[in-house]
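If you want the building blocks of each chain, they are given just below.
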Amino acid sequence: MAFNVKINGKQHSVDVDEDTPLLWVLRDVLGLTGTKFGCGMALCGACTVHVDGVATRSCVTPVNALQGSEVTTIEAVGKTVAGARVQKAWLDHEVVQCGYCQSGQIMSAAALLASTPKPTDADIDGAMSGNVCRCGTYGRIREAIKQAAQSGSKGG
Amino acid sequence: MTDLARRSFLRTGAATGGGLLLSLTLPLTGGAQAAGDGPFAPNAFVRIGEDGRIVLVMPYVEMGQGTYTAIPMLIAEELEVTLNQVRLEHAPPDEKLYGNPLVAGVQATGGSTAIMASWQPLRQAGAIARTLLIAAAAKRWNVAPEACRAQAGEVLHPATGRSLKYGALAADAAKLPVPKEVALKDPKDFKIIGTPAKRLDAPAKVDGSAVYGIDARPPGVKIATLAQSPVFGGRVKSLDDAAAKAVKGVRQIVRLDDAVAVVADHMGAAKKGLAALKIDWDDGPHAKLTTDQIARELEQATLAAGAVAETIGDTAKALASAATKVEATYQLPFLAHAALEPMNCTVHVRKDGCDVWVGTQVAARAQAAAAKVAGLPLDKVVLHQHLIGGGFGRRLEIDGVTRATEIARHVDGPVKVVWTREEDIQHDMYRPYWFDRLQAGLDEKGRPVAWNHRFAGSSIIARWLPPGFNKGLDPDSVDGAIHLPYGLPNMHVEYLRVEPPGIPTAFWRSVGPSHNVFVVESFMDELAATAKQDPVAYRLALLEKSPRAKAVLELAAAKAGWGQALPQGVGRGVSVQHVFGSYLAQVAEVEVAKNGSVRVRRVVAAVDCGIVVNPDTVKAQIESATNFGITAALYGEITVKDGRVEQSNFDTYQMLRLDEAPSIEVHIVKSSQAPGGMGEPGTSAIVPAVANAIFAATGKRLRRMPVDPAQLKRGDGR
C-alpha cells in the first residue's frame, strides 16, 4: 500500500510493503543516496537519519512507523544550525577518508549537538559509539564535535 | 583512451548523474556538466580546454587514502595551477596509460604504491604540459620561452606585463611536439608539495553528494541481493522460490550454479525475497572444513624445509654455539576486510554491449571480467569507475564484478547487485592464516647471534600475479620477514606456500607485513625480555646500520615518555619496521583490566616516509591504519566450522568504536629521500606494539591474535 512520508520538508507517497525499512525508501525509491547501507541491523550507524530531530537507524525503521513524522537526511541537515556547524567542523578537521560512514557520523553528531549543545567526552562516547568508521577517523570526529560545540557557544 | 571512448565515458557519466564529474566538481569551476574535454592533452593525466577547464585524470582510485588530493598536488606543483582550479576525473580502464609500474603494470591501486609510483611521472606530466603552454605563449608574443613563466594557470611575460590564461593557449599548445622529459623543480621551490592541502573529495563527503559504486542509479535499474553457497565450492541442489516471488516488489529470481539472486524494485523487497527463498545446498568437498584443520595443516607443513627467502652467515652453527636459545611458534587468523561499503556492482548487459558501474582498485581487470562473462569484446564494455567506501585490498579482486555480470546476463535492463553485510563477510576473500616457527640464539651478553624463522601460509601473489611467484617465493609473503632493519650476523628465513582448502585468500591492509612484522617484532621483544634488557635499548643496539629506523625509534620513544612509570595494569610496547618504503616506529600504551579486557589508551608514532607530499594525509593514514590494526588485534578473527564462516555482521565481527579509540600522535621526521608508501604501514606496526605492551603490563606473551581476555584475567577477574 502507499505510505506518506515527509522527508526534508517534502511529502512523498511511496508504494511499498509496510515493513519496508526507511533506508531503502530513501536510497532506492526516492534516490536520496547520501544515506548509506552498512549492516542492515542497526550495528554500524551508516544509515542514520533524523526522525523528528532524533538520530535514528533507518535500516531498521519501517516506513509505516513514520506517519506524521519529519525525516531529515544528510542532503538537508546542512540547513539546520547544528548540522551546518558539524559539516564545517568536519571540513576544518579533515575528518573524512573513504567517507562512506560520514553521512551517518554527521547525522549522529548533529543530533547530539541539537540536544546537548556542550557535550562532554562521555556524551560524545554515548552518541557516537554506534557509528562504525572502518577508516578509524574517531580522533578527528571527537575533535570536530568539540569545535562545532564551541562555535555554537560563541553564537557562531 | 581514444577520443571516442573518452566521449562515450563522459556522456554516460553525465547521463547517470555525473558520478565523480558531478561530485568532485569544485565550486570555483562552475557547471556540473561533463566537459573540459579540450584540445590540449599532452599526456593521459592532463587536459586543458579552450574554456579554461583543467582536468586531471586520476590513475589511482580514491578509497580514503587521499590519493585524489596527493596526486593532484604532484601535477599541480609542476603545472603551476592551484588546487581549486582543477577538476578530477577517474581514469578509465586502460593498462597502457594507467598501469601501475610498481605492480607489474597492472592498473592497480594497492600496496601503498601510488605516491612512490607517481612521484616522478606525474610531476613530469605536469611539467611537460606547463612547458608546452609557456612555449605556445612565447611563440604568440614572439619572445623567448625563458623570458616567460607560469603561475596559477597563466603564462606571464614579466618584462612586458603580458599574460595569457592556459585556456587561451590550449589550442596552440596542442600543436607543439611533446617532449619526453623536461626538468623538474628543485624541491626547495615547492609551493604545494609538503603543505597540508585540504582534501579535494571532502566537501562532497560531508553533504551526501559523493557518489560511490553502491549509489549508481542508471535509469530503470533494479536492485538485487544474493545468497551464495554457504560453503565455498558448494552448489544449489534445489530451489523453491514461490514465496519469494510473491513478495511485493520482487521481479525475478536468478538461479546460478552456486548462488541465487533476488531481483526487485528496491533492496527492501530483495532482502525480503531472499529470506523467503528455500534453497537446498550441496555443500561440496569442504562441507566439514574447520579453522583448526587448516591451522594443523600449516603447523605440520612448517616441520619440513621451505623456500629460502634470505640467509645471512651460518645460522645453524651460530644457534648450536649460542649461550641461550629462545624458541616460539606464532599464528595469525583469517581476517575479513569489512569495508563499510558492502560489495556491490551494477551491470547492464545487452546483446551488443555492457556497462559496469563499480568502485574498483583494478579497473582494467574489472572491465575484462565483465567482458568475459558477458561474452563481449573488451571495447564493448564501458566501466564507470566510482569512489570506494573502503578498499583495504578487497576491491583488488574481481569476483564481485564476475558475480554481478553473471546475474545481469539474466536480467533485462541494468541491475545493481548489493551484498548483504552477512554475504560480504561470509564470502570475502580473507587475509591468510599463518603459522610461524622461530628460534634465536643469544650470546652471553644477550645479543642475538642467530635468527631462524620459518612460516607457512597462502601466497596471494601466486594467484593474483602468477609471474610474481618464483621458486616458492613471492615478494608479499616475505615482506617484513627479510631485509630487517636490524643487523643480525646469522639469519635464515624460509617460506612454505600452503593454500587452505575451501577458503579464498586475498590482500588485506598491509598483508604480508601484517603478519611478518607482528611475528618479528613480538619475537624481538621476547629476546629483549630473555636478555633482561629494555625493549627500546635492545633494538637500538641492533640498528647502527639503519639510521632512519634508529631515528624513528628514538623519536617515538622520546615522545611517548618511554621509561616513565605507569600505573599497575598499564604497559608500553614498541615496534619498528621498514616496509612499503617507509620507516615507522610505534609505542602503544595499553591498559589491561582485571577481567582481562584490553584498552589501547595512547599511541605515539614516528615516521620517516621520505619527502612528504601532504603531511596531514600522512597523519591521517597513520591514524587510520593504527585503528585498523587495533581492530584486528582486539577483535579480528574469521573462523570456519562445517565449511561455513561463523562470523556474519558487526555483532560477531567487531570493529573498534569511538569510545575505544586511543589518542594517536604522529611525528614526522623531515627527509629528502624519495617518498615511501603510507596507506598500510600503521597497521602492521601497531599490532606487535599492542601485544608487547600487554606483555609489559601483564607478563603474558601473546603468540596468536586476536587478544583473548580470558588469558589475561588476573586475581578474581573483576
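Residues numbered from 1 in each chain as written. Chains lettered and ligands numbered in written order. Predicted model: local features only at pLDDT ≥ 70, side-chain atom pairs only at ≥ 80, totals over all residues. Heavy atoms only, no water.

1. Let's talk about the overall build of chain B
Condition: Secondary structure elements are taken from DSSP: a helix is a run of H or I of four residues or more, a strand is a run of E of two residues or more, and numbering for both begins at the N terminus. Radius of gyration means the value over C-alpha atoms here, while the globule rule gives 2.2 Å times the residue count to the 0.38 power. Buried, partly exposed and exposed residues are distinguished by accessible area as a fraction of the type maximum, computed with a 1.4 Å probe on protein chains only: under 20%, between the cut-offs, and over 50%, respectively. Contacts are residue-level and defined by heavy atoms, with any inter-residue pair within 4.5 Å sufficient. Using a 1.4 Å probe, the Shrake-Rupley method yields the accessible areas, and only the shown protein chains count as cover for residues.
When helices and strands are tallied, chain B shows 22 helices and 27 strands. Relative to the 2.2 N^0.38 estimate, which gives 27 Å for 718 residues, the radius of gyration of chain B is 27 Å and therefore close to what a compact globule would have. For the C-alpha atoms alone, the extent of chain B along its principal axes is close to 80 × 75 × 50 Å. A total of 718 residues make up chain B; the buried ones form 63% of that total. Put simply, 75% of the contacts in chain B that link residues at least 6 apart link residues at least 24 apart. About 25800 Å² of surface is accessible on chain B, with carbon and sulfur atoms providing 52% of the total.

2. Some points on the domain arrangement of chain B
Residue and element names in this part refer to chain B. Our working rule: In this entry, domain limits derive from an automatic or database-based domain assignment. By buried area we mean how much accessible surface two parts lose on assembly, using a 1.4 Å probe and totalling the loss over both. Polar contact is the term for a pair of N or O atoms within 3.5 Å; when the atoms are in protein, one must be able to donate a hydrogen and the other to accept it, and sequence-neighboring residues count only if both atoms are side-chain atoms. All residues other than Ala, Val, Leu, Ile, Met, Phe, Trp, Tyr, Cys, Pro, Asp, Glu, Lys and Arg, Gly among them, are scored as polar; the first ten of these are nonpolar and the last four charged.
Under the domain assignment used here, chain B contains domain 1 (2–205), domain 2 (215–284 + 343–418) and domain 3 (291–334 + 430–712). Taken together, the contacts link 21 residues of domain 1 with 20 residues of domain 2. For the pairing of domain 1 and domain 2, the buried interface totals around 1600 Å² over both sides, and the portion due to carbon and sulfur atoms is 66%. Between the two partners, domain 1 and domain 2, sit 3 residue pairs in polar contact (both at pLDDT 80 or more). Tallied by class, the residues present in the side of domain 1 that touches domain 2 amount to 9 nonpolar, 8 polar and 4 charged.

3. Details of the nonpolar core
The nonpolar side chains of soluble globular proteins are, as a tendency, buried together. Which entries qualify depends on this criterion: Nonpolar cores are built from buried Ala, Val, Leu, Ile, Met, Phe, Trp, Tyr and Cys residues. Side-chain atoms within 4.5 Å join them into one set.
In this structure, W90 of chain A together with L79 and W451 of chain B are the most contacted members of the largest nonpolar core, which totals 220 residues. What W451 of chain B contacts, discounting residues up to four positions off in sequence, is T315, L438, Q439, L484, L488, N490, M491, H492, V520, F523, M524 and L527 of chain B. Among the nonpolar cores identified, the runner-up in size contains 31 residues, and L256, V347, V401 and V415 of chain B belong to it.

4. Details of the sheet that holds strand β27 (residues 663–668) of chain B
Residues and elements named next belong to chain B. Convention followed: Two strands pair under a simple rule: DSSP has to find at least two bridges between them. Every angle, taken between N-to-C directions, lies between 0 and 180 degrees, and every axis is a line fitted to C-alpha atoms, over only the stretch in contact when it is a helix.
In space, the 4 strands of this open sheet follow the order β22-β23-β24-β27, with mixed pairing throughout. Each of the sheet's edge strands pairs with one partner strand only, and the pair in question is β22 (570–579) and β27. Strand-to-strand, the axes of this sheet are offset by a mean angle of 15°, without reference to chain direction. As paired elements, strand β24 (residues 598–608) and β27 share 6 bridges and run parallel to each other. Looking across to β27, one finds that V604 is bridged to E665. Docked against the sheet, helix α21 (residues 681–698) engages β22, β23 (582–592) and β24, running at close to 150° with respect to β22.

5. So, the pairing of β24 of chain B
Residues and elements named next belong to chain B. Counting buried residues along β24, 8 of its 11 residues qualify, which places the element largely inside the surrounding structure. Sheet topology places β23 next to β24; 10 bridges connect them, and they run antiparallel. If you follow V590 over to β24, its bridge partner there is V600. If you look at the hairpin formed by β23 and β24, you'll find 5 residues sitting between the two strands, and G596 has a positive phi there, around 90°.

6. Focus on helix α2 (residues 81–92) of chain A
Residues and elements named next belong to chain A. The condition is simple: An expected span of 1.5 Å times one less than the residue number is assigned to each helix. What the arc measures is the spread of directions leading from the helix axis to the C-beta atoms.
Counted at 1.5 Å a residue, the expected span for α2 with its 12 residues is 16 Å, and the 17 Å between its end C-alpha atoms agrees. The set of residues buried in α2 consists of A82, G83, V86, Q87, A89 and W90. Seen end-on, α2 carries its buried residues on one side only, within an arc spanning 165°. Note on α2: the residue one or two positions beyond its end, E94, has a positive phi of about 50°.

7. Focus: the packing of aromatic side chains
Let me state the cut-off plainly: By convention, a stacked pair of Phe, Tyr or Trp rings (six-membered ring in the case of Trp) has centres within 6.5 Å and planes under 30 degrees apart, an edge-to-face pair has planes over 60 apart, and any other such pair is tilted.
Following the criterion strictly, the structure yields 12 aromatic pairs over all chains and no others. Relative to Y212 of chain B, the ring of Y100 of chain A has its centre 5.4 Å away and its plane inclined at 85°; by these criteria the two rings are edge-to-face. Taken together, the residues span two chains, with Y100 of chain A in the loop between α2 and α3 (102–115) and Y212 of chain B in the loop between α8 (202–206) and β8 (222–228). Like Y212 of chain B, Y100 of chain A is buried. Judged by centre distance (5.6 Å) and plane angle (80°), the rings of F45 of chain B and Y98 of chain B are edge-to-face. One end of the pair, F45 of chain B, is in the loop between β1 (40–43) and β2 (46–48); the other, Y98 of chain B, is in helix α4 (residues 95–98), with 53 residues separating them in the sequence. On the basis of relative accessible area, F45 of chain B is assigned to the buried category, the value being 14%.

8. Brief notes about the pairing of strand β3 (residues 48–51) of chain A
Successive side chains on a regular strand alternate, one facing one side of the sheet and the next facing the other. All names here are of chain A. The alternating pattern of β3 places T48 and H50 on one face and V49 and V51 on the opposite face, and all of these are buried. Bridge count for β3 against strand β4 (residues 54–57) is 4 bridges, and the pairing is antiparallel. Within β4, the position partnered with H50 by the bridge is A55. Count of turn residues in the β3/β4 antiparallel hairpin: 2 residues, of which D52 carries a positive phi of about 50°. Of the pairings in the sheet, the one linking β3 to strand β5 (residues 70–72) comprises 2 bridges and is antiparallel in character. Looking across to β5, one finds that H50 is bridged to T72.

9. Let's talk about the interface of chain B and chain A
The line we're drawing: Every case where a carboxyl oxygen of Asp or Glu lies within 4 Å of a side-chain nitrogen of Lys or Arg is listed as a salt bridge.
The interface of chain B with chain A comprises 61 residues on the first partner and 53 residues on the second. When chain B packs against chain A, the two sides together hide about 4600 Å² of surface, and 55% of this comes from carbon and sulfur. Contact with chain A buries surface across chain B, with V206, L340 and L658 of chain B losing the most and accounting together for 18% of the total. Counting across the chain B and chain A interface gives 7 salt bridges.

10. Side note on the pattern of salt bridges
All names here are of chain B. The tally for this structure, following the rule as stated, stands at 52 salt bridges over all chains. Notably, a salt bridge pairs E154 with K165, separated by 3.2 Å at the nearest N-O pair. In this pair, E154 sits in strand β6 (residues 154–157) while K165 sits in strand β7 (residues 162–165), placing the two residues 11 residues apart along the sequence. The exposure class of K165 is exposed, given its relative accessible area of 55%. Connected through salt bridges with shared partners, the residues R572, E589, E591, R601, R602 and E665 form a single ionic network.

11. Some thoughts on helix α11 (residues 291–301) of chain B
Each turn of an α-helix holds 3.6 residues, which means side chains three or four residues apart point in the same direction. Residue and element names in this part refer to chain B. T291, I294, A295, L298 and A301 are the residues of α11 that are buried. One side of α11 holds all its buried residues, which, seen down the axis, span an arc of 125°. Away from its buried face, by an angle of more than 90 degrees, α11 presents the exposed residues D292, R296 and Q300. On its buried face, α11 sits against β14 (324–332), β19 (434–442), β20 (448–457), β21 (491–497) and β25 (640–641).

12. Considerations on the domain arrangement of chain A
Residues and elements named next belong to chain A. Here the domain parsing of chain A yields domain 1 (2–76) and domain 2 (77–153). Each of domain 1 and domain 2 has a C-alpha centre, and these two points are 20 Å apart. The interface is formed by 18 residues belonging to domain 1 together with 16 residues belonging to domain 2. Interface of domain 1 and domain 2: buried area, both sides summed, is about 1300 Å²; carbon and sulfur atoms make up 55% of it. Our enumeration of links across domain 1 and domain 2 arrives at 0 salt bridges. Linking domain 1 with domain 2 are 10 residue pairs in polar contact (both at pLDDT 80 or more). The set of elements that each furnish at least two residues to the side of domain 1 that touches domain 2 consists of β3 and β4. When residues in the side of domain 1 that touches domain 2 are grouped by element, the largest group, 3 residues, is from β3. Counted by class, the side of domain 1 that touches domain 2 contains 8 nonpolar, 7 polar and 3 charged residues.

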